[in-house]
Amino acid sequence: MKKLSLFLFVLLVGCGYNPDKPVYDIAANSDGFPPVALELLKRVQSDSLMPADSVMECFTNLYLADQSLLDNLKWKDVVRKLGMKFRYQADRMAERGIEGYSKAAAYYALASCARPDDLRAKDSYQLFSCWNDSIAAAVTAFMDRSDSAPVTAKSITERLHLVKRFMSRDSLSNRFARDYLVDRFLGDLRLKENLPFLLSDSLPDADLALLSHFDLASVDFGKPLAEFENPRIDLVLFEISRLDSLQWLAELYFLPRERVDTDYTVALWVSSTDSVVAGGVSGSQRLPFDFEPTPSTSGWKVDKIVAAYRHFDFADDISAVSVGLYRPDDEGVTYLPVLGSDSSIIEIPFSGIAVQ
């Protein structure tokens, strides 16, 4: 982390920005900014104006009091320099790990507002916006109570449950989990000498698959549920969870056996025990909940398990789920064939689905 901090410092200095230097000489005030603007600069430069909404509110009040600053090019330049300061602070908070992510999110928000054309600040702001108070509280609470507790199969499942529910929300959350959460929250499992014993001691298959996805375990699931061809992609595990009376979570674990150069869509069709009331659609037999996995299939690595998740609303009981892989083309869509079958879709009866 110290090397990374030094790298960021050198990089910023090389771009003409020194994080230790004030963005503006308030005492000299060579540009004649009004006293209220100088007071705001003073408070921002001393980091006495956090959280981010306080900074936003102060800038809004400043522009309401003196609208001429909105078109003042020299003031805009000062604000842009503040944006560099905010981005630097955000990077430092992100380096601290889970305890710093909330502050990092706030600083990236400020940096993005101060530097609207800064693509890195904008991307980081969007990425960290998924780290909200509820997930921060849940992860922190678990870490606080487990610091001195032994690692057990139950505690691993609890951790994986938190990660899974977070990363399955959307593509940004999935990316944040992979880039920032997993190593901090699960990385210590690599140091546990008794992990192989724990893995063989009553961990659910979905947990094993997710650990394998994160390179924390090596698991052989035997014969896959389906073997898609050209390119060869195995569906090694499918699990479904009913989250409430309406919402479900489908977990699909794929294992590419060959390089995948195309971005495929996952066909996920849900069949009801009562086709008339399935999802409220009269006469419906199967409702589609197709989705594009994150990461996309062209980013999948050969012989590495990939976790793909899909939340969906379905009011009725489920009788079966059908899964396939397809890509768009000039004729509509082309499905990958299923090895040993005339169909390109595999149907999994509800009796064959693991339900949490």
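Worth saying up front: this structure is predicted, and the values here are computed from it rather than measured. (Residues numbered from 1 in each chain as written. Predicted model: local features only at pLDDT ≥ 70, side-chain atom pairs only at ≥ 80, totals over all residues. Heavy atoms only, no water.)

Colleague: Hey, could you run me through the pairing of strand β4 (residues 265-272) in this one?
Modeller: Looking down a regular strand, the side chains alternate between one sheet face and the other. For β4, the buried fraction is high: eight of the eight residues fall into the buried class. Side chains T265, A267, W269 and S271 project from β4 onto one buried face, and the interleaved V266, L268, V270 and S272 project onto a second face that is buried too. Where β4 meets strand β7 (residues 318-329), eight bridges bridge the pair, whose relative direction is antiparallel. Bridge pairing in β7 places A267 opposite G324. Pairing between β4 and strand β5 (residues 286-288): three bridges, direction antiparallel. (Buried < 20%, exposed > 50% of the residue type's maximum accessible area, 1.4 Å probe, protein only. Helix = DSSP H or I, 4+ residues; strand = E, 2+ residues; numbered from the N terminus. Pairing = 2+ DSSP bridges.)

Colleague: Just checking my understanding: could you explain the side chain of D207 for this structure?
Modeller: Its location among the elements puts D207 in helix α11 (residues 205-213). With sequence-adjacent residues up to four places away left out, D207 is seen in contact with T157, L160 and K164. (Contact = heavy atoms within 4.5 Å.)

Colleague: Hey, could you run me through the nonpolar core in this one?
Modeller: Considering soluble globular proteins, one finds that nonpolar side chains tend to be buried as a cluster. Counting 72 residues, the largest nonpolar core has W75, F86, W131, L181, F185, L186 and Y253 as the members making the most contacts within it. In terms of nonpolar packing, the next biggest core, distinct from the first, is built from 31 residues, V260, L287, F314 and I348 among them. (Core = buried A, V, L, I, M, F, W, Y, C linked by side-chain atoms within 4.5 Å.)

Colleague: Explain the packing of aromatic side chains here, please?
Modeller: The description of an aromatic ring pair uses the distance of the two centres, along with the angle that the planes make with each other. A complete count under the given rule lists 23 aromatic pairs for this structure. Both rings, one in F59 and one in Y63, keep their centres 6.2 Å apart while their planes meet at 45 degrees; by these two values the pair is tilted. Taken together, the residues F59 and Y63, both in helix α3 (residues 52-65) and four residues apart, mark about one turn of the helix. The class of F59 is buried, set by a relative accessible area of 13%. (Phe/Tyr/Trp six-rings, centres within 6.5 Å; stacked < 30°, edge-to-face > 60°.)

Colleague: What should I look at first to understand the packing of helix α7 (residues 133-146) against helix α8 (residues 153-167) in this one?
Modeller: Helix-helix packing is characterised by the crossing angle of the two axes and by the distance between the axes. Look at α7 against α8: their axes get within 11 Å of each other, and the N-to-C directions meet at 165 degrees. What the angle tells us is that α7 and α8 run roughly antiparallel. Seen along the crossing, α7 lies across α8 with a hand that is left-handed. Packed against α7, whose contacting residues are I135, A138, V139, F142 and R145, the element α8 presents S155, E158, R159, L162 and F166 at the interface. Split into classes, the residues belonging to the contact of α7 with α8 amount to six nonpolar, one polar and three charged. (Axes fitted to C-alpha atoms, helices over the stretch in contact; angles between N-to-C directions. Parallel < 35°, antiparallel > 145°, perpendicular 65-115°, else oblique. Left-handed = near helix turned anticlockwise from the far one by under 90°. Nonpolar A, V, L, I, M, F, W, Y, C, P; charged D, E, K, R; others polar.)

Colleague: Explanation requested: the environment of R242 in the structure shown.
Modeller: Following the sequence through the fold, R242 ends up in strand β2 (residues 233-242). By relative accessible area, which is 32% here, R242 ends up partly exposed. Here D244 takes part through its backbone oxygen, which lies 3.4 Å from a polar atom of the side chain of R242. There is a polar contact of 3.1 Å between the side chain of R242 and the side chain of D317. (Polar contact = N/O pair within 3.5 Å; in protein donor to acceptor, adjacent residues only side chain to side chain.)

Colleague: Please explain the environment of A206 as it appears in this structure.
Modeller: Looking at the element boundaries, A206 is found in helix α11. The spatial distance from the C-alpha of A206 to the C-alpha of E239 is 7.1 Å, given a sequence separation of 33 residues. Setting aside chain neighbours within four positions, we find A206 in contact with K164, L237, E239, E251 and Y253.

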